[in-house]
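Structure assessment
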Amino acid sequence: MNRSHRPPTSHTSRVFPAVAALILLLSGLASSSALGQPMAKQLQKLKALAPARGYVIAHKDVKNPPKLFGGPISVTVTQSSGGVFVALPDRRRLDTYVFGTPSMPRAFAGTPGINGVPPPAREAEDDHYTRMKKPSPFGDKYLVMADGRMELHAVDATAVDGATTEDQVRFKASWKDKQGNTYEVRCCGMLASHGMEFPTFGGVVTNHILHGVTRLGTALMPTEFAYVAFWGMGEVRKNGKVLDKPRLIHGMLTEYVRGEGYKLAFDDEVTPTRMQFHLMIPPFMPDPPNLSFTEKPVKTGFTLPNGMELPFWHVMFENLETKAERGQ
Amino acid sequence: MMTFRITLLSGLFTLSVLSAACSSAQTPPKAPPAPDAVVGMTNTLRFEPDTVRVPVGGTVEWRNTSLLVHTVTGDPARATLEGSARLPEGAEPFDSGNLEPEAVFRHTFTVPGVYGYFCIPHEGAKMKGVVIVSPKQ
Ligand SMILES: [Cu+2]
């Protein structure tokens, strides 16, 4: 960033310009160690302002967190054939319902990309935001890959975040590129019994609204109802070989959030009557002592046309069979 | 009204078995009649072309040329969005069920009119098409 071009403006914009380059984190192009001192400070401030920080602090050490009202729910979601949609880095279009306007910004705090988006990372015209300045895992670009298989068995037993959890997840997903390489993800060696910047409800949550305006997870995905979602630590494989472990794995079965041309929906474009499953392995690692996240590209083993390794997996499964019942 | 589905691979296999079985009798295998229109199903969530015209009694063949599972669903009862499916009065609904990559589905249209159909898993992404069936001259 060229400091001499920084306009001398209000306090808000003085805080934010330094943060603009942080958005590079979203595409895995920069590491926090490469950040200058002032920028690292601003990042700390943004992280400390994560909206659910207080809530997580109240819950994270609870030894016997309360159980789900009405008893546990067991869920199975499978895709046994067909393709998957693999998201490519793209500059997300910004929804006013979620991000507000330049004069009244919303959803800016938390680790950029994992939770909020700092205003300097947003492009604006007049008094509305248009799109992100840099690419992220969330956008309209995708590749279709063959032979997508996915199997999730989850139990939501624990209601809220805590030091322990009775939630359970067994998850396996795989797909193949044109050259016949198989990419595989398995979870969870450990469930996120509590969240960092937002709650995880014991690692598994059912029948809850996430993303967008909720500030539960990234605001770059639209506000969407999740029938089931999980967060845990798992592994990333290519052709049977473990490439990266442990990695934060997030999966969720939600209402349909793509439109014509597979464009990622704004809040008022979501289709409540159809379903999608999203798998997300973000280019970040949890940082429990600081209740936050640090940047770390995923070793996916998949090379983009520009020669760079795809630093995350964001994969959608859409021909699904689902089953859910009360009880374990 | 006639509806059937085969996969290209198993179809080819059947043909080769048939031709082997029939070769001694010197009768060539009877190929299904050529469809009046062919529609592809793509990775970009489109029916291509999205509109076809056939005469009454004509057959449309859908080929899943993508890596994804799609359906060809001309059934307003299975639609969840307005405008996904419509049938002319007196026409029966049709539905291919899940079509794996390379699968083929055929449907013969015996009632003239405009048919709107869609793909169930990609209804939200507006994957839909139209068949216009013209009456006998
Ligand atoms: Cu489809």
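Treat the numbers as computed from the prediction; the structure is a model and nothing was measured.

Moving on, we get to the environment of Gly251(A). With respect to the element layout, Gly251(A) can be found in strand β12 (residues 241-256). Each C-alpha atom of the pair Gly251(A) and Ala226(A) lies 9.9 Å from the other, and the pair is 25 residues apart in sequence.

This next bit is on the coordination of the copper ion. Six octahedral donors around a metal ideally sit at 90 or 180 degrees from one another, while four tetrahedral donors ideally sit at 109.5 degrees. Residues and elements named next belong to chain B. Within the protein, the copper ion binds to His 70 (ND1), Cys 119 (SG), His 122 (ND1) and Met 127 (SD); these donor distances fall in the range 1.9 to 2.6 Å. One can describe the donor arrangement at the copper ion as tetrahedral, given that its four donor atoms subtend angles of 91 to 126° at the metal. Within one chain, the residues donating to the copper ion are spaced in sequence as H-x48-C-x2-H-x4-M. In this pair, His 70 sits in the loop between β5 (59-64) and β6 (73-74) while Met 127 sits in the loop between β9 (113-118) and β10 (128-134), placing the two residues 57 residues apart along the sequence. Each member of the pair, His 70 as well as Met 127, is classed as buried.

Another point: the confidence of the model for chain A. On average, residues of chain A carry a pLDDT of 90, and 89% of them reach 70 or more. Low pLDDT, under 50, characterises residues 1-35 of chain A; the predicted model gives this stretch 60 contacts beyond four residues in sequence or across chains.

Another point: the domain arrangement of chain A. All names here are of chain A. Domains assigned within chain A are domain 1 (3-48 + 91-132) and domain 2 (54-90 + 135-326). Counting each side, the surface lost to burial between domain 1 and domain 2 is near 2600 Å², with a carbon and sulfur contribution of 54%. Joining domain 1 to domain 2, the criterion identifies one salt bridge. Two residues, Asp 140 and Arg 93, come together in a salt bridge whose shortest N-O distance is 2.9 Å. Breaking the side of domain 1 that touches domain 2 down by element, the ones donating at least two residues are α5 (96-99) and β6 (128-132). When grouped by side-chain class, the residues that make up the side of domain 1 that touches domain 2 number 15 nonpolar, nine polar and six charged.

With that settled, the discussion passes to the pattern of salt bridges. Summed over all chains, the structure comprises 15 salt bridges over all chains. In this structure, Arg237(A) engages Glu235(A) in a salt bridge whose closest nitrogen and oxygen atoms are separated by 2.7 Å. By relative accessible area, which is 17% here, Arg237(A) ends up buried. Since its relative accessible area comes to 12%, Glu235(A) is described here as buried. Notably, a salt bridge pairs Arg274(A) with Glu123(B), separated by 2.6 Å at the nearest N-O pair. Taken together, the residues span two chains, with Arg274(A) in strand β13 (residues 271-281) and Glu123(B) in the loop between β9 and β10. Each member of the pair Arg274(A) and Glu123(B) is classed as buried. Beyond isolated ion pairs, a larger network of salt bridges with shared partners links Asp147(A), Arg149(A) and Lys176(A).

Following the criterion strictly, the structure yields 21 aromatic pairs over all chains and no others. Aromatic side chains Phe94(B) and Phe109(B) sit 5.5 Å apart centroid to centroid with 90° between the ring planes, which places their arrangement in the edge-to-face category. Of this pair, Phe94(B) sits in strand β7 (residues 94-95) while Phe109(B) sits in the loop between β8 (103-108) and β9, and the two are 15 residues apart along the sequence. Using a relative accessible area of 4% as the deciding quantity, one classes Phe94(B) as buried. Between Phe94(B) and Tyr115(B), the aromatic rings sit 6.4 Å apart at their centres with planes inclined by 50°, giving tilted as the arrangement. With a gap of 21 residues between them, Phe94(B) in strand β7 and Tyr115(B) in strand β9 connect regions that are remote in the sequence. Its relative accessible area of 1% is what places Tyr115(B) among the buried residues. Pairwise contacts between aromatic rings join Phe171(A), Trp175(A), Tyr183(A), Phe230(A), Phe277(A), Phe302(A), Trp313(A) and Phe317(A) into one cluster. The lysine or arginine in question, Arg122(A), covers the ring of Tyr129(A), its NZ or CZ lying 4.7 Å from the ring centre.

Okay, the side chain of Thr108(B) next. Within the element layout of this structure, Thr108(B) appears in strand β8. Reaching out from Thr108(B), the side chain makes a polar contact with the side chain of Thr59(B) at a distance of 2.7 Å.

Conventions used here
Residues numbered from 1 in each chain as written. Chains lettered and ligands numbered in written order. Predicted model: local features only at pLDDT ≥ 70, side-chain atom pairs only at ≥ 80, totals over all residues. Heavy atoms only, no water. Helix = DSSP H or I, 4+ residues; strand = E, 2+ residues; numbered from the N terminus. Donors = N, O, S within 2.8 Å, 3.2 Å for Na, K, Ca; no water. Tetrahedral: all angles 85-135°; square planar, octahedral: opposite > 155°, others 65-115°. Buried < 20%, exposed > 50% of the residue type's maximum accessible area, 1.4 Å probe, protein only. pLDDT = per-residue confidence, 0-100. Contact = heavy atoms within 4.5 Å. Domains from an automatic or database assignment. Buried area = accessible area lost by both parts, 1.4 Å probe. Salt bridge = Lys/Arg side-chain N within 4 Å of Asp/Glu carboxyl O. Nonpolar A, V, L, I, M, F, W, Y, C, P; charged D, E, K, R; others polar. Phe/Tyr/Trp six-rings, centres within 6.5 Å; stacked < 30°, edge-to-face > 60°. Lys NZ or Arg CZ within 6 Å of the ring centre and 35° of its normal. Polar contact = N/O pair within 3.5 Å; in protein donor to acceptor, adjacent residues only side chain to side chain.

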